[in-house]
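These are the residues of each chain, in order.
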Amino acid sequence: MTKELNIGIVGLGTVGSGVIKSIEKNKEYFKKNYDVKFNIIGISANSKNKERSFDVDSYQWFDEPLELVSENNIDTIIELVGGDDGLAYELAIHTLKNKMNFITANKALISKHGEELASLSEKNNNFFGFEASVAGGIPIIKTLKESIILNEIKKVFAILNGTSNYILSNMSKLQVSFEEALKDAQDKGFAESDPTLDINGEDTAHKLSILNSIIFSEIPSVESIYINGIENIELIDHHYSSDFGYNIRLIAQSDNTDEGIYKEVTPMLVNKNSSLGRVDGANNIIKIIGQESGDVVLEGQGAGEGPTSSSVISDLVDCAIGSKLHLFSNSFSELSKNSKKILPKERPYYLRVFLKDQKGSMSNLTNLLSQSNISLDQIIQKDEVNNNENNFKPVVMVTYPVKKDEIDSLIDILSSSDIVSSKPLHMPILNKG
């Protein structure tokens, strides 16, 4: 007997339109391969008159999105509005309380309200799908829940933000500034008009918190993640990183240590020939370490109409065929509240300063390094001049492994001294990736 889902869709941007077109196009495929049928009962968005890639008049329009939840013949709500509060949150809460199915691509919503959503979903026995919330075109949620022994995972390294990766890889390949690479990303649709959450690391942190909740059976927590963005990386940093054999990438990392789970989102230097270092453009990658069968690496498109709408459709199919798992990896009562920040192990760092071009400056710098217990493995000093400060020249160093608090302390000291022109940049070096 064919299983039918009666759907209400809120949010008709790129992804919402892609979902509708996929349902229209693949009706026979869904029937033949899964014996399911998807009926779009109602749709809603900010404006009905906006030009879209499907015929809006083919479906019943709801000016008030929450009315979809009260519609008797709708059993599944797809939320594609975005945002961690407001309409997205109200839709989620009302849908779950009404014992309806809920599917979303909203990582911010799940990251912020994961505890409440997990509790409600378990209490009301809802299907809750969020495959599209992390790495759109990569089935990472499904893989983690169904195909991997979670308690064997020791580490996760990932590139989860296509905008940042597009900017960083193009800065290096095309030899353009951060501002030029960002504008190009916006022109080509890889970056929003306000890209703040992408470039400051928060978007990646939301996604990492969701992965952590599944892998480590915990309530999502951004507060437990060290977060740094890519805003202060300059073209010169790509030059020197390349000289050392590295590419710069915004890396999301979780490391299950004896002290707890270390979590971080920060730009890192990664080996050019590594799986992480080779990822270009807007692609994403997730590397899972610790499996007895070996490391697991998943790579693909992280955003866009096709990949993300495909993940939403995957959730619809699972919902229709009755595949229902816990929202995260375990029942709500077994989820831990793991919001404590853990210090990382010692590791090498890339350190770049614009040093004052006067006698004694280098001696002062090396003294400060020594006082901070930091030893250098490599150092490059050239006669290039900082475009913003004519009397300052770049000095780039690679340290031996050092504690995070020691190099953070050095950065604070240097930032307040008169031997450098601006706040120094430091990035961890990931030798395994």
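Preceding block: the structure.
Residues numbered from 1 in each chain as written. Predicted model: local features only at pLDDT ≥ 70, side-chain atom pairs only at ≥ 80, totals over all residues. Heavy atoms only, no water.

Student: Break down the overall build of the protein chain for me, citing the residues and quoting the values.
Tutor: Scanning the protein chain for helices and strands turns up 14 helices and 16 strands. Whereas a compact globule of 433 residues would reach a radius of gyration of roughly 22 Å, the protein chain reaches 24 Å, a difference of no more than 12%. When the backbone C-alpha atoms are referred to their principal axes, the protein chain occupies close to 80 × 45 × 35 Å. Across the 433 residues of the protein chain, 56% fall into the buried class. Here the contacts in the protein chain between residues at least 6 apart in sequence split such that 74% fall between residues at least 24 apart. (Helix = DSSP H or I, 4+ residues; strand = E, 2+ residues; numbered from the N terminus. Rg over C-alpha atoms; globule rule 2.2 N^0.38 Å. Buried < 20%, exposed > 50% of the residue type's maximum accessible area, 1.4 Å probe, protein only. Contact = heavy atoms within 4.5 Å.)

Student: So, the pairing of strand β16 (residues 425–430): which residues are in play, and what are the values?
Tutor: β16 sits mainly inside the fold: five of its six residues count as buried. Of the strand pairs in this sheet, strand β10 (residues 260–271) and β16 are connected by two bridges, and their pairing is parallel. Among the inter-strand pairings, Val270 is bridged to a residue of β16, identified as Leu430. In this sheet, β16 lies alongside strand β13 (residues 349–356) in antiparallel orientation, the contact comprising four bridges. In the sheet register, Leu351 faces β16, and the bridge partner there is His426. (Pairing = 2+ DSSP bridges.)

Student: Any chance you could break down the pairing of strand β15 (residues 392–399) for me, citing the residues and the numbers?
Tutor: In terms of burial, β15 is largely enclosed, as eight of its eight residues are buried. Across the two faces of β15 the burial is the same, with Phe392, Pro394, Val396 and Val398 and Lys393, Val395, Met397 and Thr399 all buried. Pairing between β13 and β15: seven bridges, direction antiparallel. Residue pairing across strands places Leu355 opposite Lys393, the latter belonging to β15. Of the strand pairs in this sheet, strand β14 (residues 376–381) and β15 are connected by five bridges, and their pairing is antiparallel. Bridged to Gln381 within β15 is Val395.

Student: So, unusual backbone geometry: which residues are in play, and what are the values?
Tutor: Positive phi, normally seen in glycine, also occurs at Asp35, with a value near 55°. Its place among the elements puts Asp35 in the loop between α2 (27–34) and β2 (36–44). Of note, the phi angle at Ser217 is positive, near 55°, even though the residue is not glycine. Structurally, Ser217 is set in the loop between α10 (202–215) and β8 (226–227). You can call Ser217 buried: its relative accessible area is 12%.

Student: Any details on empty space enclosed by the protein? Residues and values, ideally.
Tutor: Under the counting rule described, the total for this entry stands at one cavity of 30 Å³ or more. By volume, the largest cavity is sized at about 190 Å³. Taken together, 17 residues form the lining of the largest cavity, with Phe127, Phe128, Lys145, Asp315 and Asp318 sitting closest to its centre. Looking at the lining of the largest cavity, the elements that each hand over two or more residues are β6 (128–129), α6 (140–146) and α12 (305–320). Looking at which element gives the most residues to the lining of the largest cavity, the answer is α6, with four residues. (1 Å grid on protein atoms, 1.4 Å probe; cavity = no way out; pocket = protein on both sides within 12 Å on 5 of 7 lines; lining within 4 Å. Points joined across faces, edges and corners; volume = space filled by probe spheres on them.)

Student: Lay out the sheet that holds β6 with the relevant residues and their values.
Tutor: As summarised here, the arrangement of the six strands in space is β3-β2-β1-β4-β5-β6, forming an open sheet in which the pairing is parallel. A single partner strand is all that each edge strand has here, and the edge strands are β3 (60–61) and β6. Set on the sheet, α12 makes contact with β1 (3–10), β2, β4 (76–79), β5 (101–104) and β6; between it and β1 the angle comes to about 140°. (Axes fitted to C-alpha atoms, helices over the stretch in contact; angles between N-to-C directions.)

Student: Explain the environment of Ile215 to me, and be specific about the residues and the numbers.
Tutor: Among the secondary structure elements, Ile215 is positioned in helix α10. Ile215 sits 121 residues away from His94 along the chain, and the two C-alpha atoms are 28 Å apart. Those residues in contact with Ile215, other than ones at most four positions away along the chain, are Leu144, Leu150, Ile153 and Val156.

Student: Can you explain the packing of helix α7 (residues 162–174) against helix α8 (residues 178–187)? Please cite residues and give values.
Tutor: When two helices pack together, their arrangement is given by the angle between the helix axes and the distance between those axes. At a closest axis distance of 9 Å, the pairing of α7 and α8 adopts a crossing angle of 125°. Taken together, α7 and α8 sit at an angle that is classed as oblique. Crossing of α7 over α8 shows right-handed handedness. Contacts between α7 and α8 involve Tyr166, Ile167, Asn170 and Met171 from the former and Phe178, Ala181, Leu182, Asp184 and Ala185 from the latter. (Parallel < 35°, antiparallel > 145°, perpendicular 65-115°, else oblique. Left-handed = near helix turned anticlockwise from the far one by under 90°.)

Student: Please provide a residue-by-residue account of the pattern of salt bridges, values included.
Tutor: As enumerated under the stated definition, the model contains 14 salt bridges in all. One salt bridge connects Lys207 with Asp203, and the closest N-O pair in it is separated by 2.9 Å. Highlighted residues: Lys207 and Asp203, both in helix α10, separated by four residues, approximately one helical turn. Close ionic contact of Asp280 with Arg249 constitutes a salt bridge, the shortest N to O distance being 3.0 Å. Taken together, the residues span a long stretch of sequence, with Asp280 in the loop between β10 and β11 (283–289) and Arg249 in strand β9 (residues 246–257) at a distance of 31 residues. The exposure class of Arg249 is buried, given its relative accessible area of 2%. Salt bridges linked by common partners bring Lys107, Asp203 and Lys207 together as one network. (Salt bridge = Lys/Arg side-chain N within 4 Å of Asp/Glu carboxyl O.)

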